[in-house]
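# Residue-level structure breakdown
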Amino acid sequence: MQVDRLDHHALRALLEWQVELGATEAICDAPVNRYEVPAKAPRIAAEAPAPASPATSPAVMPAAAPSAAPDQDAVAAAQAAAAGAATLEALHAAIAAFEHCELKRGARNTVFADGTPGARMMVVGESPGRDEDLQGRPFVGRAGQLLDRMLDAIGMARTHPEPDQGVYITNIVPWRPPQNRDPTPQEIAMLVPFVARHVQLADPDILVLVGNIACQALLGRKGITRLRGSWTEALGRPALPTFHPAYLLRQPHLKRASWHDLLMIRARLRQQEARE
Ligand code: URA
């Protein structure tokens with residue numbers, strides 16, 4: 001197809017077709033105009049060019065390795081903003097106004113929380129995906145639908161007529177990372193103060209950490225296969241690491257282990273209820 005002969009409407013229809021197929025993002029930070037005439041046409045060498053020195057050729061220069069150190073200014077700003085929030089609404093507003101995290105610029109919405117504030121169980125996930133970014137609510141895509149079925153299996157739900165059986169849900173990262181990449185350690189470090197305050201204000205009896213990123217952020221440990229299924233402590237509360245529902249969608253044979261974790265959650269909540 002000769003794209004240069006197509007009119008505006010045909011080009012627009014082609015673009016819409018690609019978006020429908022799911023090609024909704026530019027791969028680079030900014031779109032590249034591949035039709036732009038270069039300022040200087042590349043010289044076509046008559047003979048094989050001398051090999052470029054890898055140390056000097058810009059085309060093969062590796063990107064500068066990102067610093068692994070947390071951005072202390074951003075962490076301090078997050079701590080101050082989180083500490084200043086006296087309610088969940090104020091915390092939501094403080095996160096939405098936080099300008100230190102680049103992820104915010106690529107996101108449509110700040111995805112804060114869903115479910116029952118003050119619920120006995122709080123689920124902490126990783127970061128919003130496409131559906132969550134569009135709707136502004138955590139866990140609404142396929143993984144979220146599986147999470148809902150998992151909760152239902154133990155008689156719980158985001159909102160439940162019995163307040164004790166409600167669940168509150170959030171993520172470590174409130175903005176969708178580009179191409180759903182993992183958040184970096186620096187991003188996690190500057191967002192954890194908000195999560196810590198979120199947990200304090202929501203005040204659940206137990207935390208359920210779904211997937212590696214939640215464990216990395218709140219336990220300082222990764223390796224969900226080893227961590228899952230054993231109670232530990234995060235932010236001063238009982239916490240159970242378990243598989244992320246998105247992982248279960250890819251590895252359905254792990255649902256058996258996940259069911260075991262769900263039963264542990266139900267038993268723990270019942271035990272606490274009996275003590276109260
Ligand atoms: N995965 C997550 O960890 N959180 C969401 O909100 C959606 C998918």
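See the structure printed just above.
Residues numbered from 1 in each chain as written. Predicted model: local features only at pLDDT ≥ 70, side-chain atom pairs only at ≥ 80, totals over all residues. Heavy atoms only, no water.

## Remarks on the nonpolar core
By size, the foremost hydrophobic cluster in this structure holds 65 residues, and its most contacted members are Met121, Ile172, Phe194, Leu209 and Ile265. Counting residues per element, this core draws most heavily on helix H7 (residues 185-202), which supplies eight residues. Excluding residues that lie within four positions of it along the chain, isoleucine 265 makes contacts with Met121, Ile154, Ile206, Val208, Trp231 and Leu240. (Core = buried A, V, L, I, M, F, W, Y, C linked by side-chain atoms within 4.5 Å. Buried < 20%, exposed > 50% of the residue type's maximum accessible area, 1.4 Å probe, protein only. Helix = DSSP H or I, 4+ residues; strand = E, 2+ residues; numbered from the N terminus. Contact = heavy atoms within 4.5 Å.)

## Observations regarding the sheet that holds strand E5 (residues 232-234)
Spatial ordering of the open sheet is given by E1-E3-E2-E4-E6-E5, a layout of six strands whose pairing is mixed. If you trace the sheet from one side to the other, it starts and ends with strand E1 (114-115) and E5, each paired once. Across four bridges, strand E4 (residues 206-210) lies against strand E6 (residues 237-242) in parallel orientation. Within E6, the position partnered with valine 208 by the bridge is leucine 240. Docked against the sheet, helix H8 (residues 212-219) engages strand E2 (121-125), E4, E5 and E6, running at close to 130° with respect to E4. Helix H11 (residues 255-275) contacts E2, E4 and E6 of the sheet and is inclined by roughly 165° relative to E6. (Pairing = 2+ DSSP bridges. Axes fitted to C-alpha atoms, helices over the stretch in contact; angles between N-to-C directions.)

## Some points on the site of the ligand
Contacts to the ligand come from Gly125, Glu126, Ser127, Glu132, Pro138, Phe139, Asn171 and His244. Take serine 127: an N or O atom from its main chain is 3.2 Å from a nitrogen atom of the ligand. Phenylalanine 139 is positioned such that a nitrogen or oxygen atom in its backbone is 2.8 Å from an oxygen atom of the ligand. Relative to its unbound accessible area of 240 Å², the ligand is 91% covered by the protein chains. When its residues are assigned to classes, the shell around the ligand shows two nonpolar, four polar and two charged. (Near = heavy atom within 4 Å. Polar contact = N/O pair within 3.5 Å; in protein donor to acceptor, adjacent residues only side chain to side chain. Areas by Shrake-Rupley, 256 points an atom, 1.4 Å probe, with all protein chains shown as cover. Nonpolar A, V, L, I, M, F, W, Y, C, P; charged D, E, K, R; others polar.)

## Topic: the pattern of salt bridges
Under the defined criterion, the tally for this structure stands at twelve salt bridges. Residues aspartate 114 and arginine 137 are paired through a salt bridge, measuring 2.8 Å at the closest nitrogen-oxygen approach. In this pair, aspartate 114 is assigned in strand E1 and arginine 137 in the loop between helix H5 (130-135) and helix H6 (142-153), connecting sequence segments 23 residues apart. Through salt bridges that share partners, Glu99, Glu102, Lys104 and Arg105 make up one connected network. (Salt bridge = Lys/Arg side-chain N within 4 Å of Asp/Glu carboxyl O.)

## Concerning the pairing of strand E3 (residues 167-171)
Counting buried positions along E3 gives five out of five residues, so the element sits mostly inside the fold. Across the two faces of E3 the burial is the same, with Val167, Ile169 and Asn171 and Tyr168 and Thr170 all buried. Examined bridge by bridge, E1 and E3 share two bridges and lie antiparallel to one another. Within E3, the residue paired with aspartate 114 across the bridge is isoleucine 169. With five bridges connecting them, E2 and E3 associate as parallel partners. Counted as the bridge partner of glycine 125 is asparagine 171 from E3.

## Some remarks on the pairing of E2
By the criterion of burial, E2 is predominantly enclosed, with five of the five residues buried. Neither face of E2 is exposed, since Met121, Val123 and Gly125 on one face and Met122 and Val124 on the opposite face are all buried. With four bridges joining them, E2 and E4 adopt parallel strand pairing. Looking at the pairing, valine 123 lines up with valine 208 of E4.

## What about empty space enclosed by the protein?
By the definition in use, this model includes two cavities of 30 Å³ or more. Each pocket or cavity is described by its volume, and for the largest cavity that value is around 80 Å³. As for the largest cavity, its lining consists of Ile95, Val111, Phe112, Thr170, Asn171, Ile172, Pro174, Leu191, Phe194, Val195 and His198. Counting only elements with at least two residues in the lining of the largest cavity, the list comes to E3 and H7. With four residues, the single largest contributor to the lining of the largest cavity is H7. Residues belonging to the lining of the largest cavity are distributed by class as follows: eight nonpolar, three polar and no charged. Estimated volume of the second largest cavity: approximately 50 Å³. Considering the residues around the second largest cavity, the lining is formed by Met121, Val123, Leu147, Met150, Leu151, Val208, Val210, Thr242, Leu262 and Ile265. (1 Å grid on protein atoms, 1.4 Å probe; cavity = no way out; pocket = protein on both sides within 12 Å on 5 of 7 lines; lining within 4 Å. Points joined across faces, edges and corners; volume = space filled by probe spheres on them.)

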